[in-house]
Amino acid sequence: MHRHHLGGVSLKRLLAIVELGGYPNLLPLYQSLGYQVDVVNSQRKARAYLKKTVPDVVVAEYNAQSDFRDRSSNLETLMAILQKLPRVKLLVFHLPEHAERFEKFRRLHPVDEAIAFPVTEDRVRVVLEAFSGR
């Protein structure tokens, strides 16, 4: 894992993929938990980022999509990349109405944690603290 050292404190890296949003700005929370945060707004940018950088945590949104012939959601390609990066923890936000499709997705892909909307700072904090073993 690449760590950045600032005055002797090593920062963990978090990649936030914010496509649709609809939840509070979590950047201050991520930073307060000691993460250096990079935000991208598309899966394409996330892929480019992951080619160069291995974060400790990826936070993504699950969007069920029926118009893709070869994939059922926006996350399929991301999962293919993360498969090769087993140490990266993945937190996924999903809409309650997609719960059934998300569960199917989850059976095929290793998702470390998931939060159904409404996404709150407190729920995210609990997951990230568990990730970092605090």
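Just above sits the structure.
Keep in mind the model is a prediction, meaning the values are calculated, not measured. (Residues numbered from 1 in each chain as written. Predicted model: local features only at pLDDT ≥ 70, side-chain atom pairs only at ≥ 80, totals over all residues. Heavy atoms only, no water.)

1. A word on the overall build of the protein chain
Here comes step 1: When you go through the protein chain residue by residue, the secondary structure sums to 5 helices and 6 strands.
Here comes step 2: Sequence separation of 24 or more characterises 59% of the internal contacts of the protein chain that already satisfy a separation of 6 or more.
Here comes step 3: For the protein chain, the exposed area adds up to about 7500 Å²; of that, 52% sits on carbon and sulfur atoms. (Helix = DSSP H or I, 4+ residues; strand = E, 2+ residues; numbered from the N terminus. Contact = heavy atoms within 4.5 Å. Areas by Shrake-Rupley, 256 points an atom, 1.4 Å probe, with all protein chains shown as cover.)

2. What about the pattern of salt bridges?
Here comes step 1: As enumerated under the stated definition, the model contains 3 salt bridges in all.
Here comes step 2: Ionic pairing is found between Arg 125 and Glu 121, a salt bridge with its closest N-O pair at 3.9 Å. One end of the pair is Arg 125 and the other is Glu 121, both in helix H5 (residues 121-131) and 4 residues apart, which spans about a single turn.
Here comes step 3: The partner of Asp 122 in a salt bridge is Arg 125, and the shortest N-O contact between them spans 3.0 Å. Highlighted residues: Asp 122 and Arg 125, both in helix H5, separated by 3 residues, approximately one helical turn.
Here comes step 4: One salt-bridge network, in which partners are shared between bridges, spans Glu 121, Asp 122 and Arg 125. (Salt bridge = Lys/Arg side-chain N within 4 Å of Asp/Glu carboxyl O.)

3. What about the nonpolar core?
Here comes step 1: Counting 23 residues, the largest nonpolar core has Leu 50 and Val 58 as the members making the most contacts within it.
Here comes step 2: Residue contacts for Val 58: discarding those within four places in its chain leaves Leu 15, Ile 17, Leu 50, Leu 78, Leu 82, Val 88, Lys 89, Leu 90 and Leu 91.
Here comes step 3: Judged by nonpolar contacts, the second largest core, of 20 residues, contains Leu 29, Tyr 30, Phe 117 and Val 127. (Core = buried A, V, L, I, M, F, W, Y, C linked by side-chain atoms within 4.5 Å. Buried < 20%, exposed > 50% of the residue type's maximum accessible area, 1.4 Å probe, protein only.)

4. Focus: the side chain of Glu 61
Here comes step 1: Here Glu 61 is to be found in strand E4 (residues 57-62).
Here comes step 2: In this structure the side chain of Glu 61 is engaged in a polar contact, spanning 2.7 Å, whose partner is the backbone nitrogen of Leu 20.
Here comes step 3: Side-chain polar atoms of Glu 61 contact the side chain of Tyr 23, separated by 2.6 Å. (Polar contact = N/O pair within 3.5 Å; in protein donor to acceptor, adjacent residues only side chain to side chain.)

5. Observations concerning H5
Here comes step 1: All of the buried residues in H5 are Val 124, Val 127, Leu 128 and Phe 131. End-on, the buried residues of H5 take up no more than an arc of 95°, which puts them together on one face. What points out from H5, more than 90 degrees from its buried face, is the exposed set Asp 122, Val 126 and Ala 130.
Here comes step 2: The positive-phi residue at the C-terminal boundary of H5 is Gly 133, with phi of around 70°. (Arc of directions from axis to C-beta.)

6. Some remarks on the packing of aromatic side chains
Here comes step 1: Counted under the stated rule, the structure contains 5 aromatic pairs.
Here comes step 2: For the pair Tyr 23 and Phe 93, a centre-to-centre distance of 4.9 Å together with 75° between the ring planes defines the contact as edge-to-face. With Tyr 23 in the loop between strand E2 (9-17) and helix H1 (27-32) and Phe 93 in strand E5 (residues 89-94), this residue pair connects regions lying 70 residues apart in the sequence. The pair formed by Tyr 23 and Phe 93 is uniform in burial state, with each residue classed as buried.
Here comes step 3: Consider the rings of Tyr 62 and Phe 105, whose centres lie 5.3 Å apart with planes at 50°: the pair is tilted. You can see Tyr 62 sitting in strand E4 and its partner Phe 105 sitting in helix H4 (residues 99-108), a full 43 residues away along the chain.
Here comes step 4: Its relative accessible area of 2% is what places Phe 105 among the buried residues.
Here comes step 5: Sitting over the ring of Tyr 35, Lys 12 keeps its end group 4.3 Å from the ring centre. (Phe/Tyr/Trp six-rings, centres within 6.5 Å; stacked < 30°, edge-to-face > 60°. Lys NZ or Arg CZ within 6 Å of the ring centre and 35° of its normal.)

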